[in-house]
Amino acid sequence: MGADAEAVLKGLSRAAPHFRGLLARQLTLKYLPQLHFKLDESFGEGDRIETILRSDKVRRDLDQADTLDDGNDEDAPA
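As the structure is a prediction and not an experimental result, all values here were calculated from the model. Within each chain, residues carry numbers counting from 1 in the order of the written sequence. Whole-chain, interface and lining totals are the exception, using all residues; otherwise, since this is a predicted model, local features are given only for residues with pLDDT of at least 70 and side-chain atom pairs are given and counted only at 80 or more. Side-chain descriptors were evaluated using all non-hydrogen atoms of the structure, hydrogens and water having been removed beforehand.

**Points about a nonpolar patch on the surface**
So, step 1. Among the surface-exposed residues, F19, L22 and F37 lie close enough to one another that they form a single nonpolar patch of about 230 Å² accessible area.
So, step 2. Here L22 is to be found in helix α1 (residues 5-26). Patches in this entry comprise residues that are over 30% relatively accessible and not in a salt bridge; like charges within 9 Å are linked, as are nonpolar side chains (Val, Leu, Ile, Met, Phe, Trp, Tyr) within 5 Å. Surface accessibility in these figures is a Shrake-Rupley result with a 1.4 Å probe; residues are shielded only by whichever protein chains are displayed. Here a salt bridge means any side-chain nitrogen of Lys or Arg lying within 4 Å of a carboxyl oxygen belonging to Asp or Glu. Put simply, DSSP marks the helices as runs of H or I at least four residues long and the strands as runs of E at least two long, and each gets a number from the N terminus on.

Okay, here's the thing in C-alpha cells:
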C-alpha cells in the first residue's frame, strides 16, 4: 500500500460529488449512483505471490520436477 493511500482516499471521497457531477453530464442515466473509493489491494497480493514464486524453496521444487521429467517420455504421444 502506498504511503499516502489514506490521504488520497480522503481526497477522492471529498471530490466524489464533483466527479459525480461530471459523469452525470456525460452519461444518460436516470439515476447516477454515489461514488465510493477504496484501496485496490490486488497489487500487494500480486507482489506477495511473486515473492513466493521467486523463493528458493519453489525454485528447488521446480528444479526437482524438471529432473524427474527428464527422460520420462511415457506420457509423450507416439
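There is more to say after this.
**A few points about the confidence of the model for the protein**
So, step 1. Values of pLDDT, the confidence the predictor places in each residue, fall between 0 and 100. Mean pLDDT over the protein: 85, with 87% of residues reaching 70 or higher.
So, step 2. Summarising per-element confidence for the protein, the mean pLDDT is lowest in helix α3 (residues 56-69) (80) and highest in α1 (95).

**A look at α1**
So, step 1. One fitted axis covers the seven residues ending at a residue, a second covers the seven starting there, and the bend at that residue is the angle between these axes. Largest kink in α1: about 50°, centred on A16, with the proline P17 one to four residues after it.
So, step 2. The rule is simple: take the accessible area with a 1.4 Å probe, protein chains only, and divide by the maximum for that residue type; under 20% is buried, over 50% is exposed, in between is partly exposed. Along α1, the residues that are buried comprise A5, L9 and A16.

**Quick look at the pattern of salt bridges**
So, step 1. Tallying each qualifying case throughout the model produces three salt bridges.
So, step 2. Close ionic contact of E50 with R54 constitutes a salt bridge, the shortest N to O distance being 2.9 Å.
So, step 3. We classify R54 as exposed; its relative accessible area is 55%.

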